[in-house]
Amino acid sequence: MSGRGKLVLGIDLGTSGARAVAMTAAGEIVASGAARLAVFSDDHRDPLGWWRAVQAALAQALEAIDGSHICAVGIDGTSGTMLPVAADGAPLATPLMYNDPVGDTAILERIAVHAPKESAAHGATSGLAKLLTFQSLSEVFRVIHQADWIAGHFTGLYDVSDENNALKTGYDPVARNWPEWLARTGARIDLLPDVLPAGAPVATISPAAAEAFGLPSETVIVAGTTDGCASFLATGADRPGDAVSALGTTLTVKMLSDKPLFAPEFGLYSHRIGDMWLAGGASNTGGAVLAAHFSNDRIAELSEQIDPASDTGLDFYPLLKPGERFPVADPAFMPRMAPRPTEDAEFLKAIFEGIAGVERLAYERLVSLGSPALGSIRTVGGGAKNGVWTEIRKRRLSVPFLPVLSEEAAAGAARLALSGAKEAGVL
């Protein structure tokens, strides 16, 4: 079949469910499927529930296309979710999810002593802390990440990971290896998976998986990524200076850089994607501040009264309570939301301006830490739908605002599959 007719699959396993998309070589999504984890399990830590949700989402997507056209599959999972497995992939304990903290202070102290300050392996929710928790189990073959485990169901291999998921487990993305200091924490290096670049071909699909899903035997499974990286890739951002702002409950900014950025004081580290680096930070400002003052309907009503071409003259730094992470790292940083205008519309406008100002400072901070100049912004999250806020942001940030190709993390996983398919010569 010619390359024009071939398709790839992207699979996303998130906190509440699984999604799958089929994508053309040109990047067009032609089919999709979704399944809620709650349908298959009462416990989001149940690996069998994960797999059943993936199966259901994938089956739904494949109903709309000819599965014989599939040439590659990419998978993402939640960052920092880990489980110990036997050689055949059977889970040996309940997984520790991305936000499950390890309470053993001795483990955390060993990591704090031996891990370099710029490593993403610090903290109670790190992958390394979870490896140290699981490694004493009997019959353990590997301790792997959620995306690795799902990929293993397609390849039969449960000892392969990717550079993005491995970052919080202590992987060094600059040297591209498991560093020697890991052993000094007491970590069993023999339980760590082999690591490949995100999107690199891992293996062809196993005969059992090919038969189960009706996929060609030559289908390539590529090394996956985290859900956060996949969501970024889904937008279409692909050049140094391309940025994505997520306007959700909080404000998150991410930018592609031509070199790695590490600033542990800001919780900033870099994922390696191809020849580029994805760096970003998260502020405590965002939609939660808006929601504390106005309902969604009221925001929509007041927005119609706002002229985005003029300024209030106020200098808000909107926070719900003291404390900021990025672009300021200060647990005592005070909100600035006074004086409060008499008119609600003017108050809302000042909050919009304030969050846009924090967004601008965030990108300025990335540049000060060594990123490229901000070249463009794509916006995701609920705040992207407010046209008045968008116009205010455009004035403050003074760079092109580009459309988002997709907000589906599964589409980002599919884009990795495209890359891997080309590398493997099947597309």
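Everything numeric in this text was worked out from a predicted model, so none of it was measured.

Participant: Tell me about the overall build of the chain, and please be specific about residues and values.
Facilitator: Along the backbone of the chain there are twelve helices and 16 strands. Since a compact globule built from 427 residues should have a radius of gyration of about 22 Å, the 22 Å found for the chain is in line with a globular shape. Counting over 427 residues, the chain shows a buried share of 55%. Considering only intrachain contacts with a sequence separation of at least 6, the fraction spanning at least 24 residues in the chain is 70%.

Participant: Which residues make up the sheet that holds strand 16 (residues 376-380), and what values go with them?
Facilitator: Strand order in the open sheet formed by five strands is 14-15-13-12-16, and the pairing between neighbours is mixed. Both edges of this open sheet fall to strand 14 (270-273) and strand 16, since each of them pairs with a single strand only. The average undirected angle you get between the axes of adjacent strands in this sheet is 20°. Summarising the sheet, strand 12 (residues 242-247) and strand 16 pair through five bridges and their orientation is parallel. Bridge assignment links S245 to a residue of strand 16, and that residue is T379. Where helix 7 (residues 227-234) meets the sheet, its contacts fall on strand 12, strand 13 (251-257), strand 14 and strand 15 (276-283), and the angle it forms with strand 13 comes to roughly 70°.

Participant: Account for the pattern of salt bridges, with residues named and values stated.
Facilitator: Oppositely charged side chains can form a pair if their charged atoms are brought close together. Counted according to the given criterion, the structure contains 15 salt bridges. Notably, a salt bridge pairs R184 with E180, separated by 2.5 Å at the nearest N-O pair. A relative accessible area of 44% means that R184 is categorised as partly exposed. The salt bridge partner of R395 is D311, with a shortest N-O separation of 3.0 Å. Of this pair, R395 sits in helix 11 (residues 387-397) while D311 sits in the loop between helix 9 (296-303) and helix 10 (344-368); the two residues are 84 residues apart in sequence, bridging distant segments of the chain. Among the residues examined, D311 registers a relative accessible area of 45% and is labelled partly exposed. Because the salt bridges share partners, they merge into one network encompassing R298, E301, R340 and D344.

Participant: Lay out the pairing of strand 13 in plain terms, naming residues and giving numbers.
Facilitator: Of all the seven residues making up strand 13, five are buried; the element is thus mostly covered by neighbouring parts of the structure. For strand 12 and strand 13, the ladder comprises five bridges, and the chain directions are antiparallel. Each bridged residue has a counterpart across the sheet, and for A243 the counterpart in strand 13 is M255. If you look at the hairpin formed by strand 12 and strand 13, you'll find three residues sitting between the two strands. Of the pairings in the sheet, the one linking strand 13 to strand 15 comprises seven bridges and is antiparallel in character. By the bridge assignment, L251 is partnered in strand 15 with S283.

Participant: Let's hear about the UniProt feature "domain: Carbohydrate kinase FGGY N-terminal" (unreviewed entry) in the chain: which residues, and what values?
Facilitator: Per the UniProt annotation, the sites labelled "domain: Carbohydrate kinase FGGY N-terminal" (unreviewed entry) are residues 8-101. Spanning residues 8-101, this segment combines 17% helix with 36% strand, and its end C-alpha atoms are found 35 Å apart.

Participant: Can you tell me about the packing of aromatic side chains, naming the residues and giving the values?
Facilitator: Within this structure, the stated rule accounts for ten aromatic pairs. Positioned above the aromatic ring of F141, the side-chain terminus of R142 is 4.4 Å from the ring centre.

Participant: Account for helix 11, naming residues and giving values.
Facilitator: Since the α-helix packs 3.6 residues into each turn, any two residues three or four apart lie on the same face. Turning to helix 11, its buried residues are V388, W389, T390, I392, R393 and L397. In the core, the buried residues of helix 11 are packed alongside strand 12, helix 8 (287-293), helix 9, helix 10 and strand 16. For helix 11, the side-chain oxygen to backbone nitrogen distance between the N-cap and V388 is 3.1 Å, and the N-cap itself is N386. Note on helix 11: the residue one or two positions beyond its end, S398, has a positive phi of about 55°.

Participant: Outline the packing of helix 10 against helix 11, supporting the account with residue identities and numerical values.
Facilitator: In the contact formed by helix 10 and helix 11, the axes pass within 9 Å of each other and the chain directions differ by 40°. Classified by the angle between their axes, helix 10 and helix 11 sit oblique to one another. For the pair helix 10 and helix 11, the sense of crossing is right-handed. From helix 10, K349, F352, E353, I355, A356, G357, E359, R360 and Y363 reach across to helix 11, where they touch W389, I392, R393, R396 and L397.

Participant: Please set out the UniProt feature "domain: Carbohydrate kinase FGGY C-terminal" (unreviewed entry) in the chain residue by residue, giving values where relevant.
Facilitator: UniProt annotation of "domain: Carbohydrate kinase FGGY C-terminal" (unreviewed entry) refers to residues 245-418 when read in the numbering used here. Each end of residues 245-418 is marked by a C-alpha atom, and these two atoms are 24 Å apart; helix forms 35% of the span and strand 16%.

Participant: Now, about the pairing of strand 6 (residues 142-145): what can you tell me, with residues and values included?
Facilitator: Both faces of strand 6 are covered, namely the face carrying R142 and I144 and the face carrying V143 and H145. When strand 5 (residues 82-85) meets strand 6, the two strands line up antiparallel, connected through four bridges. Bridged to V85 within strand 6 is R142.

Participant: Before we move on, can you summarise the side chain of R393 with the specific residues and values?
Facilitator: For R393, the position within the fold is in helix 11. Judged by relative accessible area, which is 1%, R393 ranks as buried. A polar atom in the side chain of R393 sits 3.0 Å from the side chain of T379. Once you skip the residues sitting within four places of it in the chain, R393 turns out to touch S245, L247, A356, E359, I377, T379 and F401.

Participant: I'd like a description of unusual backbone geometry, backed by residues and values.
Facilitator: Of note, the amide linkage connecting F326 to P327 takes the cis form, showing an omega dihedral of 10°. Here P327 is to be found in the loop between helix 9 and helix 10. P339 follows A338 through a cis peptide bond whose omega is 0°. Locating P339 in the fold gives a position in the loop between helix 9 and helix 10. Its identity as a non-glycine residue notwithstanding, R176 has a phi of 60°, on the positive side. With respect to the helices and strands, the residue R176 is situated in the loop between strand 7 (160-162) and helix 5 (181-184). Phi angles above zero are rare outside glycine, and S398 is one such case at about 55°.

Definitions and cut-offs
For every chain, the first residue of the written sequence is number 1, and numbering continues from 1 along that sequence. With the structure being a predicted model, the display of local features is reserved for residues of pLDDT at least 70 and the display and counting of side-chain atom pairs for 80 or more, all residues being used for whole-chain, interface and lining totals. For the side-chain quantities, the full set of heavy atoms in the structure was used; hydrogens and water were omitted. In DSSP terms, a helix is any run of H or I states spanning at least four residues, a strand is any run of E spanning at least two, and both are numbered starting from the N terminus. Radius of gyration here uses only the C-alpha atoms, and the compact-globule reference equals 2.2 Å multiplied by the residue count raised to the power 0.38. A simple rule labels every residue: compare its accessible area, found with a 1.4 Å probe on the protein chains alone, to the largest value its type can have, and call it buried under 20%, exposed over 50%, or partly exposed in between. The contact criterion used throughout is that any non-hydrogen atoms of two residues lie within 4.5 Å. Pairing between strands is defined by DSSP: at least two bridges between them are needed. In this analysis an axis means a line fitted to C-alpha atoms, helices contributing only their contacting stretch, and an angle means the value between N-to-C directions, from 0 to 180 degrees. Any carboxyl oxygen of Asp or Glu that lies within 4 Å of a side-chain nitrogen of Lys or Arg is treated as forming a salt bridge with it. UniProt positions are given in the numbering used here, feature names are shortened, and annotations may be inferred rather than shown by experiment. A pair of Phe, Tyr and Trp rings is counted when the ring centres sit within 6.5 Å of each other, with Trp represented by its six-membered ring. The angle between the planes then sorts it: under 30 degrees is stacked, over 60 is edge-to-face, the rest tilted. Lysine and arginine charges are scored as sitting over a ring when NZ or CZ, respectively, is within 6 Å of the ring centre and within 35 degrees of the ring normal. Polar contacts here mean pairs of N or O atoms no more than 3.5 Å apart (in protein, one a potential hydrogen donor and the other a potential acceptor; neighbouring residues in sequence count only if both atoms are side-chain atoms). To sort the angles, those under 35 degrees are grouped as roughly parallel, those over 145 as roughly antiparallel, those from 65 to 115 as roughly perpendicular, and the leftovers as oblique. Crossing chirality is assigned from the near helix's rotation relative to the far helix, an anticlockwise turn below a right angle marking it left-handed and a clockwise turn marking it right-handed.

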